[in-house]
Protein chains: 4
Amino acid sequence: MIKLGIVGLGRIGKIHLSNLLNFFPQVTVQSVCSGGGDSLSYAKELGVSNLFTDYKAMLSHGKLDAVIIASPTSLHKEHILSTLELGLPIFCEKPIDLEIETVRKLVKKIEEKNVPFTMGFNRRFDPNNQKIKRYITDHIIGNIQTLHITSRDPGAPPLDYIKTSGGLFLDMAIHDFDLARFFVQSEVTHVFSQGTVFGNAKIQELNDIDTATTLLQFENGCFTTIENSRNSTYGYDQRLEAFGSSGRCGYDNIREDSTYLANSEGYHQEKPLHFFIERYQSSYLNIMKAFIKLLETGKQSMVNSNDGLQSLAIGLAAMKSIKENRLVALTEIL
Amino acid sequence: MIKLGIVGLGRIGKIHLSNLLNFFPQVTVQSVCSGGGDSLSYAKELGVSNLFTDYKAMLSHGKLDAVIIASPTSLHKEHILSTLELGLPIFCEKPIDLEIETVRKLVKKIEEKNVPFTMGFNRRFDPNNQKIKRYITDHIIGNIQTLHITSRDPGAPPLDYIKTSGGLFLDMAIHDFDLARFFVQSEVTHVFSQGTVFGNAKIQELNDIDTATTLLQFENGCFTTIENSRNSTYGYDQRLEAFGSSGRCGYDNIREDSTYLANSEGYHQEKPLHFFIERYQSSYLNIMKAFIKLLETGKQSMVNSNDGLQSLAIGLAAMKSIKENRLVALTEIL
Amino acid sequence: MIKLGIVGLGRIGKIHLSNLLNFFPQVTVQSVCSGGGDSLSYAKELGVSNLFTDYKAMLSHGKLDAVIIASPTSLHKEHILSTLELGLPIFCEKPIDLEIETVRKLVKKIEEKNVPFTMGFNRRFDPNNQKIKRYITDHIIGNIQTLHITSRDPGAPPLDYIKTSGGLFLDMAIHDFDLARFFVQSEVTHVFSQGTVFGNAKIQELNDIDTATTLLQFENGCFTTIENSRNSTYGYDQRLEAFGSSGRCGYDNIREDSTYLANSEGYHQEKPLHFFIERYQSSYLNIMKAFIKLLETGKQSMVNSNDGLQSLAIGLAAMKSIKENRLVALTEIL
Amino acid sequence: MIKLGIVGLGRIGKIHLSNLLNFFPQVTVQSVCSGGGDSLSYAKELGVSNLFTDYKAMLSHGKLDAVIIASPTSLHKEHILSTLELGLPIFCEKPIDLEIETVRKLVKKIEEKNVPFTMGFNRRFDPNNQKIKRYITDHIIGNIQTLHITSRDPGAPPLDYIKTSGGLFLDMAIHDFDLARFFVQSEVTHVFSQGTVFGNAKIQELNDIDTATTLLQFENGCFTTIENSRNSTYGYDQRLEAFGSSGRCGYDNIREDSTYLANSEGYHQEKPLHFFIERYQSSYLNIMKAFIKLLETGKQSMVNSNDGLQSLAIGLAAMKSIKENRLVALTEIL
């Protein structure tokens with residue numbers, strides 16, 4: 001049995017806990033750590049025996065085989081460092097941290113310690129994205145030339161969340177930056193981004209934006225554009241198109257159901273699945289499968305701490321690009 | 001130059017006239033014949049010189065190379081017979097006549113005279129139907145096993161029209177019966193049909209129906225079902241699916257445009273093209289191309305008088321089936 | 001805690017067992033009964049303590065609150081009768097039995113005993129079917145006038161299965177007959193069916209068919225057609241269309257993923273989900289939710305033993321219709 | 001009768017000639033002018049009486065009501081100036097000229113002369129684009145926030161054409177720049193573009209590109225991205241999406257037909273209509289309708305010489321942006 005500890009039992013931590021309990025007979029969630037209150041009771045009800053509010057206490061209580069860090073971003077650094085001291089494999093939710101310098105140092109330490117580290121970029125493990133990846137790497141569309149990602153949330157998060165999340169680029173678009181690197185299979189050299197607030201003006205007061213269009217330049221010359229918004233009225237919008245020398249591939253949104261209604265006003269279908277919890281249900285499960293397999297086989301992680309570093313740098317470059325309305329080289333950030 | 005005469009300038013006659021004038025530089029519409037009034041003025045405005053209200057007068061005025069019969073069904077017999085006397089090739093709108101005995105005799109005479117005769121089953125020449133025909137004859141779907149046709153009008157015709165049209169089976173579904181024979185490439189042996197009036201009760205007073213579901217048994221064993229309605233609220237519904245040992249093929253409706261709108265209520269697209277004039281615009285043109293080519297090359301018509309006879313017989317069998325609520329053999333009609 | 005027993009641990013029994021263990025914290029699977037061998041070991045591994053090969057032994061060992069009958073059809077009668085003696089609520093897989101007389105008697109007994117009885121017509125609980133049901137009952141498409149169901153399996157079952165399954169109508173199309181009654185909300189009066197073997201000739205030797213087109217007449221006048229095949233080369237084909245006075249509704253197949261590929265040969269999308277296990281995953285879960293809720297609330301089952309009787313009768317009428325090539329009244333069967 | 005002259009009978013000139021002859025009974029094509037050879041014979045065959053190789057000769061022969069300039073871009077200036085002297089309304093194909101200074105002067109002169117001038121940006125008159133325009137101006141999608149245009153040709157034009165066409169931005173993407181202004185209803189302030197040659201290396205020798213991704217900044221803040229390629233293997237790709245505060249709208253490609261084929265390899269549909277001749281057939285007709293109506297009513301053109309100037313400036317800015325890999329203000333060009 002693989003003995004896991006989980007720190008952080010917010011929305012994402014709970015998804016991982018529930019998946020681990022339901023789908024991994026070879027895993028025991030030995031202990032969980034959380035700020036306390038409801039989330040610990042929740043874990044207790046599901047049968048977790050060891051509940052902690054102090055992460056170091058959790059680490060020192062009985063030997064763990066690996067930990068899952070789903071705590072607030074501001075605590076990641078501390079949790080990663082404590083875990084590294086014990087040399088335990090880490091699954092860490094994105095972003096590692098909001099400061100590039102902090103992340104760079106952590107990545108260095110992780111590499112020195114040679115500890116298995118999986119960034120929680122679960123969307124790479126979405127079945128549609130996996131298929132697209134295959135179409136690209138098997139050259140089914142020839143050589144990739146352009147990539148266009150559309151990623152729009154059905155609403156802005158609570159203002160309190162925005163205050164500490166790092167904003168649109170670091171809490172939301174960072175997934176799209178990672179996907180772009182995943183598909184283009186090259187490193188970003190320059191970023192040009194436009195951003196503004198079209199919706200709730202309070203977002204502006206918090207120095208964040210709710211809409212952005214970003215253009216990425218890659219070393220291998222693939223042109224990439226990403227459209228982000230927090231104001232989609234028609235549901236969670238997650239689409240992608242890759243164009244290459246032999247064709248194009250992509251995917252449309254997954255609807256709530258497959259029904260249609262035709263009447264005097266036209267032909268109607270359902271909205272997309274509501275939000276990321278519904279849309280990426282299998283991605284969360286699949287990335288955990290990959291992590292557990294990693295623990296079992298000792299192989300390299302498919303998405304590591306450097307992936308976390310690169311995506312953060314792209315996000316910071318995008319923010320700088322908007323502020324200065326110019327193309328920003330990634331070397332200005334990294 | 002091929003010299004044509006047209007008799008009948010209703011809705012369909014006008015389509016043929018306009019197509020001949022616009023798209024066939026090798027054809028002259030030498031004369032037209034019509035009940036008179038507006039339709040003759042219409043032809044005059046388009047530049048037709050010889051206008052008649054008497055068909056025999058038209059036939060005896062200057063030599064014609066062929067005639068197009070688009071007159072009311074009740075006049076077809078007389079117009080066909082007069083034309084046959086001169087041995088002129090005929091393009092005739094469906095149905096040939098409402099009486100099976102009359103049609104049988106006419107078909108016999110047409111065959112005896114060995115006069116090129118094309119039935120106006122234009123839908124065979126629709127690009128979608130042509131593609132499906134190819135999928136079937138080239139065995140792209142293997143051997144055809146079942147066929148399902150959905151054919152619904154966006155509204156009932158005027159009651160006056162129904163009085164003389166022969167009703168749903170002979171004025172509307174007859175196209176679907178012909179398409180079924182076209183695709184299945186075999187002859188119908190038995191018909192089972194259900195029919196009723198779901199819409200305007202006055203249709204019932206005229207002994208007609210506005211809704212029917214018909215099952216055809218073919219010599220080669222292909223199972224065929226046809227759904228007809230005159231009460232489609234969502235536009236003209238023309239769809240088809242053929243299922244075979246290696247796959248299925250078919251087509252969906254053609255929408256008014258290709259736009260979509262996604263909003264908080266879902267995903268919306270346009271209605272189908274309004275009615276047969278819009279939907280089968282190219283079919284009317286294509287069948288005329290085929291007829292003109294026939295005149296030029298002397299080849300056999302792809303849709304002849306026997307096709308008119310068979311489809312009429314199926315329609316009459318369907319009516320008998322509804323009345324007696326039983327399977328009817330085509331031999332009971334033919 | 002609700003204490004359940006399961007009899008029969010074939011493909012379907014295992015689905016129910018697994019769903020009960022994973023998604024119903026308020027339920028204990030107290031005991032299972034099976035022919036023995038692998039399936040009992042499987043249940044043991046999942047943590048079921050009481051394993052039986054004799055159904056009566058299971059029933060007499062500790063009190064149960066309800067049983068799930070997923071045994072071979074030929075054993076249903078015996079299992080239902082033993083359970084009725086104890087007055088326990090029953091969830092029974094379809095069909096109840098292959099003999100109409102047997103089923104009629106069982107239904108009578110179930111009604112006399114007033115025992116909650118749920119037929120395992122899980123497709124009624126499919127989210128697409130639930131939505132269509134709402135479109136119909138809320139008159140979103142006005143009054144339903146025609147219904148067309150397409151239901152094709154990606155291959156024939158093993159010949160051994162066919163020997164005892166009752167054949168295409170009783171093991172496969174019975175689901176479609178039930179769905180038709182579910183949507184049309186009326187009783188079938190007459191059946192006309194065509195059927196043949198287009199695929200494996202050995203199916204014919206077993207007196208079964210692999211392809212059928214069936215027409216149902218309902219008391220309320222709705223015209224229904226059903227296309228069945230066991231030879232779909234393009235995956236499991238489950239589609240449906242209801243046409244009414246204000247519009248039409250339906251659903252298309254659910255594809256394996258949402259990707260597309262456009263290249264010089266056209267535009268390509270994935271096949272439908274492979275078979276019923278994948279396609280109706282949520283239906284199996286939803287019907288179990290409904291059954292458990294029934295146990296908790298004491299309400300009437302949404303799909304009862306009479307539903308099992310009617311669907312069987314339709315299937316038998318379809319078989320008679322094919323044999324005699326005529327319309328068969330349900331009164332000839334029931 | 002409106003008397004028109006046409007100068008230039010290449011591919012586009014012939015489309016206009018044929019449309020005018022077939023669909024405008026109120027118009028006479030009084031004379032045509034062309035470099036000579038085949039194109040004049042073509043016009044003669046269609047019945048045009050007055051054929052010229054010298055534009056001034058055409059203008060002085062018999063009074064015209066307006067002219068259509070479809071000559072090579074390098075001759076536009078001369079043809080426009082001669083026509084302006086006579087004060088005749090002009091329909092001019094894009095671009096007006098490749099030099100911004102030349103165009104600026106011509107626009108000034110056109111405005112001074114107050115002569116009706118219609119730029120041949122026919123795509124504004126495409127039914128899909130007209131519908132999208134209505135969705136935007138009627139605020140069906142709320143306030144427009146982002147626009148994404150995908151515009152890919154099924155192959156590069158002949159190298160000889162590229163030598164004088166002005167390259168990808170001035171012969172092809174200029175349509176997309178105009179559409180962007182049409183939909184966003186504001187002026188472009190800055191342009192950021194990436195471009196390269198992914199296909200035929202000879203295009204590079206001619207200093208042109210075959211692939212570009214362009215980002216436009218508008219005065220009203222709408223973010224716009226345009227993807228262009230000359231290397232689409234899957235047919236002519238013309239798609240568009242507008243996102244606003246209440247929803248999104250757009251359109252997909254129009255396929256060659258509406259058929260599908262489902263088999264063991266998936267679900268297949270046809271490629272898009274081959275190229276602009278097929279795809280924009282109705283746009284060419286519609287813009288001519290608008291021009292003729294303009295002549296009849298004396299109203300303002302919906303797409304004028306300033307529209308030609310702005311789109312050219314955007315194209316030149318895009319070229320400068322690629323060369324200098326930076327954001328370029330339109331004021332640097334205009």
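In what follows, the structure referred to is the one given above.
What counts and what doesn't
Residues numbered from 1 in each chain as written. Chains lettered and ligands numbered in written order. Predicted model: local features only at pLDDT ≥ 70, side-chain atom pairs only at ≥ 80, totals over all residues. Heavy atoms only, no water. Salt bridge = Lys/Arg side-chain N within 4 Å of Asp/Glu carboxyl O. Helix = DSSP H or I, 4+ residues; strand = E, 2+ residues; numbered from the N terminus. Buried < 20%, exposed > 50% of the residue type's maximum accessible area, 1.4 Å probe, protein only. Expected span 1.5 Å × (residues − 1). Least-squares fit on C-alpha atoms with pLDDT ≥ 70 in both. Contact = heavy atoms within 4.5 Å. Pairing = 2+ DSSP bridges. Patch = residues over 30% accessible without salt bridge, like charges linked within 9 Å, V, L, I, M, F, W, Y side chains within 5 Å. Areas by Shrake-Rupley, 256 points an atom, 1.4 Å probe, with all protein chains shown as cover. Lys, Arg positive; Asp, Glu negative; His and termini not counted. Charge placed at Lys NZ, Arg CZ, Asp CG, Glu CD. Buried area = accessible area lost by both parts, 1.4 Å probe. Nonpolar A, V, L, I, M, F, W, Y, C, P; charged D, E, K, R; others polar. Phe/Tyr/Trp six-rings, centres within 6.5 Å; stacked < 30°, edge-to-face > 60°. Lys NZ or Arg CZ within 6 Å of the ring centre and 35° of its normal. Polar contact = N/O pair within 3.5 Å; in protein donor to acceptor, adjacent residues only side chain to side chain. Axes fitted to C-alpha atoms, helices over the stretch in contact; angles between N-to-C directions.

Visitor: I would appreciate a short explanation of the pattern of salt bridges in the present structure.
Guide: Side chains that differ in sign of charge can pair as their charged atoms come close. Taken as a whole, this structure holds 88 salt bridges over all chains when the rule is applied. In this structure, the salt-bridge partner of Arg279 of chain A is Asp126 of chain A, at a minimum N-O distance of 2.9 Å. Placement of Arg279 of chain A in helix H10 (residues 276-279) and of Asp126 of chain A in the loop between strand E6 (117-119) and helix H6 (127-137) is noted, with a sequence separation of 153 residues between them. Asp126 of chain A matches Arg279 of chain A in its accessibility class, with the two residues each being buried. Put simply, Asp178 of chain C and Arg124 of chain C hold a salt bridge, and the shortest N to O gap is 2.8 Å. One end of the pair, Asp178 of chain C, is in helix H8 (residues 168-184); the other, Arg124 of chain C, is in the loop between strand E6 (117-119) and helix H6 (127-137), with 54 residues separating them in the sequence. Pair check on accessibility: Asp178 of chain C and Arg124 of chain C agree, each one buried. Connected through salt bridges with shared partners, the residues Arg152, Glu227, Asp237 and Arg239 of chain A together with Glu241 and Arg248 of chain D form a single ionic network.

Visitor: I keep staring at helix H11 (residues 281-297) of chain A and nothing clicks. Help me out?
Guide: Note that an α-helix has 3.6 residues per turn; residues three or four places apart therefore point the same way. Residues and elements named next belong to chain A. Here H11 is 17 residues long and its end C-alpha atoms lie 25 Å apart, about the 24 Å a rise of 1.5 Å per residue gives. Along H11, the residues classified as buried are Ser283, Tyr284, Leu285, Ile287, Met288, Ala290, Phe291, Ile292 and Leu294. Of the residues one or two after H11, Gly298 is the one with positive phi, at around 75°.

Visitor: Explanation requested: the relation of the copies chain C and chain B in the structure shown.
Guide: Rotating chain C by 180° about the axis while translating it 0.0 Å along that axis superimposes it on chain B, leaving an RMSD of 0.0 Å. Such a combination of rotation and displacement between the chain copies is what one expects of a two-fold axis. Take the interface residues of chain C: 97% of them recur as interface residues in chain B, which is what a same-surface contact looks like.

Visitor: I would appreciate a short explanation of the pairing of strand E9 (residues 211-218) of chain D in the present structure.
Guide: On a regular strand, each side chain points to the face opposite its neighbour's, so the side chains alternate between the two faces of the sheet. All names here are of chain D. By the criterion of burial, E9 is predominantly enclosed, with eight of the eight residues buried. Taken together, the eight bridges between strand E8 (residues 188-196) and E9 define a ladder with antiparallel strand orientation. Within the sheet, the bridge partner assigned to Gln194 lies in E9 and is Thr213. By the bridge criterion, seven bridges tie E9 to strand E10 (residues 223-229) in an arrangement that is antiparallel. Following the sheet pairing, Gln217 is matched in E10 by Phe223. The turn linking E9 back onto E10 is made up of four residues, and Gly221 within it adopts a positive phi angle of 90°.

Visitor: In this structure, what is going on with a positive patch on the surface? I would like to understand it.
Guide: All names here are of chain A. Together, Lys77, Lys105, Lys109 and Lys113 give the surface a local cluster of positive charge. Considering every element that reaches the positive patch, the biggest residue donor is helix H5 (residues 100-113), with three residues. Take Lys77: it is sitting in helix H4 (residues 73-86). Judged by relative accessible area, which is 39%, Lys77 ranks as partly exposed.

Visitor: Any chance you could explain the pairing of strand E14 (residues 266-269) of chain D here in plain terms?
Guide: In this structure, strand E14 (residues 266-269) of chain C lies alongside E14 of chain D, joined through three bridges in antiparallel fashion. The residue of E14 of chain D that forms the bridge with His268 of chain C is His268 of chain D. The pairing of strand E13 (residues 259-263) of chain D with E14 of chain D spans four bridges and is antiparallel. Bridge pairing in E14 of chain D places Tyr260 of chain D opposite Gln269 of chain D. Joining the antiparallel neighbours E13 of chain D and E14 of chain D is a turn of two residues.

Visitor: Would you explain the interface of chain D and chain A in this entry?
Guide: Often, the extent of an interface is quoted as the loss of accessible area upon association of its parts. Contact residues are listed per partner, giving 36 residues for chain D and 36 residues for chain A. Across the chain D/chain A interface, buried area totals approximately 3,100 Å², and carbon plus sulfur atoms make up 57% of it. Seen at the junction of chain D and chain A, the total is six salt bridges. We note a salt bridge from Arg152 of chain A to Glu241 of chain D, for which the minimum N-O separation is 2.9 Å. Going through the elements one at a time, strand E7 (144-152), E8, E9, E10, strand E11 (237-244) and strand E12 (247-251) of chain D are the ones with two or more residues in the side of chain D that touches chain A. Here the side of chain D that touches chain A is composed, by residue class, of nine nonpolar, 21 polar and six charged.

Visitor: Help me understand the environment of Ile140 of chain A in this model?
Guide: Position of Ile140 of chain A among the secondary structure elements: in the loop between H6 and strand E7 (144-152). Exposure remark for Ile140 of chain A: the relative accessible area of 37% places this residue in the partly exposed category. Sequence separation between Ile140 of chain A and Ile15 of chain A is 125 residues, and the spatial gap between their C-alpha atoms is 34 Å. What Ile140 of chain A contacts, discounting residues up to four positions off in sequence, is Arg134, Tyr135 and Ser246 of chain A together with Leu261 of chain C.

Visitor: Is there a simple way to think about the packing of aromatic side chains in this case?
Guide: Each aromatic ring pair is specified by the distance between its two centres and by the angle formed by the two planes. Per the counting criterion, the structure on display carries 38 aromatic pairs over all chains. Measuring from centroid to centroid gives 4.8 Å for Phe192 of chain B and Phe192 of chain C, while their planes differ by 0°, and the two rings are stacked. Of this pair, Phe192 of chain B sits in strand E8 (residues 188-196) while Phe192 of chain C is found in strand E8 (residues 188-196), placing the two residues in two different chains. A cation sits over an aromatic face here: Lys133 of chain C above Phe182 of chain C, 4.2 Å from the ring centre. The side chain of Lys14 of chain D reaches across the aromatic face of Tyr42 of chain D, ending 5.1 Å from its centre.

Visitor: For this particular structure, what's the right way to read the interface of chain C and chain B?
Guide: Taken together, the 37 residues of chain C in the interface contact 36 residues of chain B. Between chain C and chain B, the buried area comes to about 3,100 Å², and carbon and sulfur atoms account for 57% of it. Of all residues in chain C, the largest losses of buried area upon contact with chain B belong to Gln194, Phe198 and Phe223 of chain C, amounting jointly to 20% of the total for that side. One can count six salt bridges joining chain C with chain B. Joining chain C to chain B, the criterion identifies 15 residue pairs in polar contact (both at pLDDT 80 or more).

Visitor: What is the right way to read the relation of the copies chain D and chain A from this model?
Guide: Each copy of the sequence occupies a distinct position, and chain D is placed on chain A by a rotation of 180° and an axial shift of 0.0 Å, giving an RMSD of 0.1 Å. Here 100% of the interface residues in chain D have copies in chain A that are interface residues too; the copies meet face to matching face.

Visitor: Before we go on, may I ask you to explain the environment of Thr28 of chain C in this structure?
Guide: Residues and elements named next belong to chain C. Here Thr28 lies in strand E2 (residues 27-33). Overall, Thr28 belongs to the partly exposed group, its relative accessible area being 30%. Separated by 25 residues in the primary sequence, Thr28 and Lys3 have C-alpha atoms spaced 5.0 Å apart. Other than its neighbours up to four places away in sequence, Thr28 contacts Met1, Ile2, Lys3 and Leu4.

Visitor: Explain the sheet that holds strand E1 (residues 2-7) of chain D to me, please; I cannot follow it from the model alone.
Guide: Each strand in a sheet pairs with its neighbour through backbone hydrogen bonds, running either in the same direction (parallel) or in the opposite one (antiparallel). Residues and elements named next belong to chain D. In spatial order, the strands read E3-E2-E1-E4-E5-E6; together these six strands make up an open sheet with parallel pairing. Looking along the sheet, the strands with just one partner apiece sit at the ends: strand E3 (50-52) and strand E6 (117-119). Averaged over all neighbouring strand pairs, the angle between strand axes comes to 20°, with direction disregarded. Note that E1 and strand E2 (residues 27-33) share six bridges and pair parallel. Across the sheet, residue Leu4 finds its bridge partner in E2, namely Val29.

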